[in-house]
Amino acid sequence: MPEDNLNEMLMMRREKLNELKEMGEDPFLIEKYEYTHHSSTIKENFEELEEKTVSVAGRIMSRRGHGKVSFMDIQDSQGKIQLFVQMNALGEEAYNKLHLLDIGDIVGAKGEVFRTRTGEISIRVKEFTLLTKSLQILPEKFHGLKDQDLRYRQRYVDLIVNPEVKDVFLLRSKIIKAVREFLDNRGFLEVDTPILNTIAGGANARPFVTHHNTLDIDMYLRIANELYLKRLIVGGFDKVYEMGRMFRNEGMSPKHNPEFTNMELYEAYADYKDMMEITEELVAYVAKETLGSTKIEYQGTEIDLTPPWRRITMIDAIKEYTGVDFNTIDTDEEAREIAKAKGLEVDESMKRGHIISEMFEEFCEVHLVQPTFVTHHPVEVSPLAKRNAEDPRLTNRFEAFINTWEIANAFSELNDPIDQKERFKEQEAQRVAGDSEAHMMDLDFINALEVGLPPTGGLGIGIDRLIILLTNQPSIRDVLLFPTMKPIEE
C-alpha cells in the first residue's frame, strides 16, 4: 500500500475516534464488559442456545453492509462468530454509528443466537458497544502477515491475523504442564533458585553481565541452575527440579535463543542410568499426554519416542561414523593428528578429550535422528560429572539426541570436592587463556561438596527444543512468543 494512502487511512481512524469523543462515547473510558460466551461455546452448543440471549466480545475481522443490514465477523480467544445487525433491532441512532467502526476494533455485542438462511450460526444483535478503537491497520486478511521477521517482532498482530499460531502456544502450555505432572507424580519438589548470580556456573557458556547498584558489584544472569539445585541435595532434599529461563550470551540459530526455558532435576542416591530412564519416560509421557502418541512427525520425518531409546558411547559413535577408534589412541598428539587428517581445525592446547568431543560434534550428531543416548563424555568437557571407574578419562554422562539435536544432558554428579576444585582450576586456566565459556571457580559450591553431596543423578532438558519437536515447528522462534530480535532503527 502506498505510504500516502496508509497515512490517510490512519488519519481517518483518528478522526473517527475524535468524532466518537465529541459524541461523548470515548471507547477508551470503558473499563469492563460482561460477556457470557465464547464463539466456540456458542457453536458447539447451538441447539441449547438457539434463540437464547448471549453476549460476546471480540475484534472485528471483516464487515459487510447492505443498507439497513450489516454483517460482521468478530474474533475472540477461541475463534470467530458472525454478528447480524439490523437497523430495526439495534435502533436507527445506534445503527448509523456503525460507519465509525473499522477492521480491528474491539466490540461487545448482545443478542439472540440463530442460524442464517445460508446455515451460518450467528448472533442477532440487540445491543452493541465499541470497547476499543484500533488506530492501526491489520494486514490484509487474504494474505495475512507473511513476513517472518515482522511476525516475530509483532507477535500480537501475528496472533490476530494468523490465529493458528495460537494453537502452537496452547500446546506449549500443555507440554510444560505435562512435564510438571510427570515430575510431581514421581515425588520431585519444584523449587526456585536465583536468576541473578555472582558466579556464572553450572555450564560452559558465556554469560550476560549486569551491575547491582546498591552492592556495587557485577552480576550475571544465570546460565544454568545446577549448582544451586545440588546445594539443596546437600541440604537434605532428595528430589528437586526447577523449570525456568536461562540466559547465554551466545549465537542465535533455529535451535538457539539467548534466553530459553530449561528444566533441571536432581535425585539423591541415583546415577546417570536412572536419569536415562527418567528422560525417555518423561518425553514419552509428555508426547502421549499432549499428542496422544509416542510416534510423532517432525518436518516430514517420523520419530518414535517409545522407550527404550538407543544407547551408544561417544567413542563407539565416532568409530561407527568415522572409522576412528579412540580406544586405541592414548596421546594428545596422536588425537590432534587424527583430527587434522579429518579436516578439523585443531588448537595445539587441545587434549585427547577435546578432540573426541569435536569429532563427535562434527561427524556424528547429524546421524542421530531417532532418540539416542550418547554416553561417557571425556572429562575435559564435563567439569561437573563423575569420572568413570573403568576409564577415569571419561565420565558417567550422557546427552540425549533427537532429530540430530541435543535435548537433554545428564550425569552422575561429581561429589568429590578435591577433584571438583582441580577441575575448576583447569577451567579457570582456560578462561585466562581466553575461553569466555569456561567455568568459573565457585568456592562456596566446593564448600557445599565438602559438607557432603550424596551420590546424585542430575538431568537437564531443553524445554524449547522439546516443544519445537512436539509442535512440529521449524525454529525456536516459532515456539517463543517474543524471541530475541535486533531492534529496528527508527
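Residues numbered from 1 in each chain as written. Predicted model: local features only at pLDDT ≥ 70, side-chain atom pairs only at ≥ 80, totals over all residues. Heavy atoms only, no water.

> How should I be thinking about the pattern of salt bridges in this particular structure?
Should their charged atoms come close, side chains of opposite charge can pair. By the definition in use, this model includes 35 salt bridges. Residue Glu-112 pairs with Arg-124 through a salt bridge whose shortest N-O separation is 3.1 Å. Highlighted residues: Glu-112 in strand E4 (residues 106-115) and Arg-124 in strand E5 (residues 121-132), separated in sequence by twelve residues. Taken together, the salt bridges that share partners define one network made up of Glu-333, Arg-336, Glu-337, Lys-340 and Glu-348. (Salt bridge = Lys/Arg side-chain N within 4 Å of Asp/Glu carboxyl O. Helix = DSSP H or I, 4+ residues; strand = E, 2+ residues; numbered from the N terminus.)

> Help me out: how do you make sense of the sheet that holds strand E17 (residues 405-412) in this one?
Paired through their backbone hydrogen bonds, the strands of a sheet run either parallel or antiparallel. With respect to topology, eight strands assemble into an open sheet ordered E6-E10-E11-E18-E17-E16-E15-E14, the strand pairing being mixed. Looking at the sheet topology across the chains shown, the edges are occupied by strand E6 (189-190) and strand E14 (310-313). Looking at chain direction, E14 and strand E15 (residues 372-375) are connected through four bridges and run parallel. Across the sheet, the residue bridging to Ile-312 is Val-374, located in E15. Each of E14, E15 and strand E16 (397-402) is contacted by helix H11 (residues 314-322), which is oriented at about 90° to E14, the strand it contacts most. Strands strand E10 (239-247), strand E11 (259-268), E16, E17 and strand E18 (456-462) of the sheet are contacted by helix H16 (residues 463-471), whose axis makes an angle of about 140° with E17. (Pairing = 2+ DSSP bridges. Contact = heavy atoms within 4.5 Å. Axes fitted to C-alpha atoms, helices over the stretch in contact; angles between N-to-C directions.)

> Just checking my understanding: could you explain the packing of helix H12 (residues 332-341) against helix H13 (residues 352-363) for this structure?
Angle between the axes and distance between the axes are the two parameters that describe a pair of packed helices. Two elements in contact, H12 and H13, have axes separated by 8 Å at closest approach and are oriented at 25°. When the axis of H12 is compared with that of H13, the two are roughly parallel. Relative to H13, H12 is oriented so that their crossing is left-handed. In this structure, H12 contributes Asp-332, Ala-335, Arg-336, Ile-338 and Ala-339 to the contact, and H13 contributes Arg-352, Ile-355 and Met-359. Here the contact of H12 with H13 is composed, by residue class, of five nonpolar, no polar and three charged. (Parallel < 35°, antiparallel > 145°, perpendicular 65-115°, else oblique. Left-handed = near helix turned anticlockwise from the far one by under 90°. Nonpolar A, V, L, I, M, F, W, Y, C, P; charged D, E, K, R; others polar.)

> Just checking my understanding: could you explain the environment of Arg-155 for this structure?
Position of Arg-155 relative to the elements: it lies in helix H7 (residues 155-161). Of note is the side chain of Arg-155, whose polar atom sits 2.9 Å from the backbone oxygen of Leu-481. (Polar contact = N/O pair within 3.5 Å; in protein donor to acceptor, adjacent residues only side chain to side chain.)

> Got a minute to help me understand the nonpolar core in this structure?
Across soluble globular proteins, nonpolar side chains have a tendency to be buried as a group. Of all hydrophobic cores here, the largest spans 48 residues; its most connected members are Leu-183, Met-263, Leu-265, Leu-282, Phe-398 and Leu-459. Looking at which element gives the most residues to this core, the answer is helix H8 (residues 164-185), with ten residues. Those residues in contact with Phe-398 that sit more than four places away from it in its chain are Tyr-272, Met-275, Met-276, Thr-279, Phe-373, Val-374, Thr-375, His-377, Ala-408, Asn-409, Ala-410 and Leu-459. Phe-46, Ile-60, Leu-100 and Phe-128 belong to the second-largest nonpolar core, a separate cluster that totals 26 residues. (Core = buried A, V, L, I, M, F, W, Y, C linked by side-chain atoms within 4.5 Å. Buried < 20%, exposed > 50% of the residue type's maximum accessible area, 1.4 Å probe, protein only.)

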